[in-house]
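Below are the chains, spelled out letter by letter.
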Number of protein chains: 2
Amino acid sequence: MSSVTAADTASNAFRVNTLAVIGTGLIGGSFALALKQAGCVGRVFGVGRQPETLAQAQTLGIIDETITLHEAASQCDLIMLASPVGTFGPLFEGLSKALSPKTLITDGGSTKGNVVAFARAALGERIGQFVPAHPIAGSHESGPQAAFADLYRDRHVVLCPLPENANRAVEFVGAAWRACGARLVTMKVGQHDDVLAAVSHLPHWLASLYVEHVARDANADLNLQLAGAGFGDFSRIAQGSVEMWRDIFMANRDAMLRQLDDLHDLLGQAREALKAKDEAWLETVLAHAASVRREWGERQKHESGRGK
Amino acid sequence: MSSVTAADTASNAFRVNTLAVIGTGLIGGSFALALKQAGCVGRVFGVGRQPETLAQAQTLGIIDETITLHEAASQCDLIMLASPVGTFGPLFEGLSKALSPKTLITDGGSTKGNVVAFARAALGERIGQFVPAHPIAGSHESGPQAAFADLYRDRHVVLCPLPENANRAVEFVGAAWRACGARLVTMKVGQHDDVLAAVSHLPHWLASLYVEHVARDANADLNLQLAGAGFGDFSRIAQGSVEMWRDIFMANRDAMLRQLDDLHDLLGQAREALKAKDEAWLETVLAHAASVRREWGERQKHESGRGK
C-alpha cells in the first residue's frame, strides 16, 4: 500500500481500449503482453504480412485477432509500429490513408531521425498523432515466441516528443510505456540519434572493424590463438545481426559520421602522444577513462539492485 | 597409463634443483608453487626488495628461503624474473655481475622486444642463457597471497627463443613451463610483440579512448545513462591498472604504432564506405567480422571444455 507511487497511480489510471501492434515479434509482442499483464488494455489487434506469424501470435495470446492496416488506422486508439525500421515508410503511407483523428501512433525503432522523416512525409499535418519512442531493450531471439511481458521492466525507453505533439498525446503514449514497466527518458530526436550513435552504434562499429583488422593481419592465426578474455569481452558485440547493424548504420549515418570524426581526432591525439612518448598524456586519459567506466559499472550494479 | 603422452614424459623427466624467483607475487609465486606441486623442484629461493613480501612468500610456502640477487646468479640452476618489466634493466645488470655459466634465466614479462634489449645490454655474449617467456595468465589480484599453483594450467605461455639460445636451454625452460601445466607457443620476439599488440594492447587502447570520447561528448551524462550491456562488455577492459597499461604501451610502442596505422587505414575506409552509402562494403565486413568472432568463441568453448 505504502509502496504505491505517483508513477503507479499514473499507470493504473492509464487505459487503452483498442491497441494495434504492427509486427507481432519480440518488440511488438512484448509491448502487447506487458499491457495485458498490467490490465490496462482492452482488445489487441495484430497487423502483419505473414499469416503464420500472426497465427502464432494469436495462439500465444499476444493478440486477440488480426486486422488490416487500414482497419487499424481507422479504428484503434493506439498503434505500435514494431516491424523493422526499413518497412516504416510504406506503413506510414498506408496508415495516412485512413488515420482517425483520435488514433495515436508510437514505435519501437532504434533510430529516430529517419523514422520521423518517414512519418512527416506520409502524415503531413497529422504528424502530431505520432509520438516516437525507442525502447532500449532486446534479446538475441526474435519472433512471437521470444516475446514476454517483462521485456521492458526497469529498462529505459526514450520518448522523443515532436513540436507538433499535444501534451495529451505525449502523456498517453508515455503512460503506455510506463505501464510496460519502463523508465522514461525524454530527448529531442537529434539528441537521441547522437546518444545512441555514441553508446550503441559506435561500439558495434569499432568492435566489428577491430575484429576485421585482427583477421586481416599477417599474424591472423596466431592472433586468434592467443586472444583471451579481454579480446572476448571487447569484441562480443561484433557477433550481432549483420543486416540489422548495416541498416542501423545507414539509418543513423549523419550522427555516426559526427561521432566518427570526433573519435578520429582523439585517436589521432593519442597516437601522437604515444609517438612522442608523452606518458603524462596517456596516464591522464587512461586514468580518466578507467574512473568513468568504474563509476558507470557501480551505478549499473546499484540500479539493477534497485530494479528487482 | 595409456594417457601418458610425450609431453607428460618430458615434464616428468624435468627437474630443477635450485630455483630463484625474483619477485614473489602472483606471477613468480605461482611459478614456484606450480613446480613444487609438480614435484620437480628442489629448493626455491626468493629475491626481492621488500622484506615483508619475502617473509609473506616464505610463510605461504612459496619460497624456502631468501637470498641476494648475487647469490641467485652464482648458485641457482634457473632464475625466473617476475618483477615489473620496468625493473628488468637493473636486475639483468645485477645478474650479469655474478652469473654462473650453468644458470638459465626466464621471465614473465608481457612485452619481449624491450626485455630482450635490456638483457642483451647487460649480458652481452651470455645472452644465450636467457630464454624469454610470456605467460598469458593473470588475475586482478597481486602479491604472494594471490599466487596459486594452477595459474598457468591450460594457459598459453609464449616462448621466444633467441638465436643465441642452445637447444638444451630452450628445452629446459620450456619443460619448466610445461611442468606448470602451460601450453607452449613458440614465436620470434618481434612476432610476439605484434601479436600481443593486436589482441591485448590495442583493445585496451581502443576501449579506453572510446570511454574518454563518450565522457568528453556534449551528451556525456545522457550517454552514460543510456549505455547498456553492449557498452559494458566493450569497455570492461578500460578499468585495468593505469600504470601497468601506460608502461605496456610505452614498452611495446613500435608494434602499437604499426597496429594503429593499419587499423587507422581500415577505419578510414569504413568511414568512406558509410559516407558513400556503400552498403555492400559494410555488409561484407560486418559479416566477415561476425563469423570470425563466432568461430573464435566456439573454439574457446571447445578448448576450455577440453582443458578441464
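Residues numbered from 1 in each chain as written. Chains lettered and ligands numbered in written order. Predicted model: local features only at pLDDT ≥ 70, side-chain atom pairs only at ≥ 80, totals over all residues. Heavy atoms only, no water.

Undergrad: Which residues make up the sheet that holds strand E6 (residues 133–135) of chain B, and what values do they have?
TA: Residues and elements named next belong to chain B. Overall, mixed pairing links the three strands, which are arranged E6-E7-E8 in an open sheet. Edge positions in the open sheet fall to E6 and strand E8 (183–186), since each of these has one partner strand only. In this sheet, neighbouring strand axes are inclined to one another by 25° on average, regardless of whether the strands run parallel or antiparallel. Sheet analysis places strand E7 (residues 156–159) next to E8, joined by four bridges and oriented parallel. Counterpart to Leu159 in the pairing with E8 is Thr186. (Pairing = 2+ DSSP bridges. Helix = DSSP H or I, 4+ residues; strand = E, 2+ residues; numbered from the N terminus. Axes fitted to C-alpha atoms, helices over the stretch in contact; angles between N-to-C directions.)

Undergrad: I'd like a description of the relation of the copies chain B and chain A, backed by residues and values.
TA: Overlaying chain B on chain A yields an RMSD of 0.1 Å, the required transformation being a rotation through 180° with an accompanying axial translation of 0.0 Å. Such a combination of rotation and displacement between the chain copies is what one expects of a two-fold axis. The position closest to the rotation axis in chain B is occupied by the C-alpha of B:Phe234, lying 2.1 Å away. The residues that chain B uses at the interface reappear at the interface of chain A in 100% of cases, marking a shared surface. (Least-squares fit on C-alpha atoms with pLDDT ≥ 70 in both. Contact = heavy atoms within 4.5 Å.)

Undergrad: Can you explain the sheet that holds strand E4 (residues 78–81) of chain B? Please cite residues and give values.
TA: Residue and element names in this part refer to chain B. Within the open sheet, the five strands sit side by side as E3-E2-E1-E4-E5. Their pairing is parallel. Each end of this open sheet is capped by a strand with a single partner; those strands are strand E3 (65–66) and strand E5 (104–107). Taken together, the four bridges between strand E1 (residues 16–22) and E4 define a ladder with parallel strand orientation. Across the sheet, the residue bridging to Val21 is Met80, located in E4. Strands E1, strand E2 (41–47) and E4 of the sheet are contacted by helix H2 (residues 26–37), whose axis makes an angle of about 165° with E1.

Undergrad: With reference to specific residues and values, describe the domain arrangement of chain A.
TA: All names here are of chain A. Per the domain assignment, the segments making up chain A are domain 1 (6–187) and domain 2 (192–276). The partner domain 2 presents eight residues to the 10 residues of domain 1 that form the contact. Summing both partners gives a buried area of about 660 Å² for domain 1 against domain 2, and 69% of it is carried by carbon and sulfur. The largest contributions to the domain 1 side of the interface with domain 2 come from Ser110, Thr111 and Met187, which together make up 53% of the buried area. For the interface between domain 1 and domain 2, the tally reads zero salt bridges. The tally of links between domain 1 and domain 2 comes to three residue pairs in polar contact (both at pLDDT 80 or more). Its residues assigned to classes, the side of domain 1 that touches domain 2 comprises four nonpolar, five polar and one charged. (Domains from an automatic or database assignment. Buried area = accessible area lost by both parts, 1.4 Å probe. Salt bridge = Lys/Arg side-chain N within 4 Å of Asp/Glu carboxyl O. Polar contact = N/O pair within 3.5 Å; in protein donor to acceptor, adjacent residues only side chain to side chain. Nonpolar A, V, L, I, M, F, W, Y, C, P; charged D, E, K, R; others polar.)

Undergrad: Tell me about the environment of A:Ala121, and please be specific about residues and values.
TA: All names here are of chain A. Relative to the helices and strands, Ala121 is located in helix H6 (residues 113–123). Judged by its relative accessible area of 65%, Ala121 is exposed. With 25 residues separating them in the primary sequence, Ala121 and Ser96 have C-alpha atoms 9.9 Å apart. (Buried < 20%, exposed > 50% of the residue type's maximum accessible area, 1.4 Å probe, protein only.)

Undergrad: Let's hear about the interface of chain B and chain A: which residues, and what values?
TA: Contacts between the two partners involve 85 residues from chain B and, on the opposite side, 85 residues from chain A. Summed over both partners, the interface of chain B with chain A buries about 8,400 Å², with 68% contributed by carbon and sulfur atoms. One salt bridge in this structure joins A:Glu283 and B:Arg246, with 2.4 Å as the shortest N-O distance. Taken together, the connections running from chain B to chain A amount to 30 residue pairs in polar contact (both at pLDDT 80 or more).

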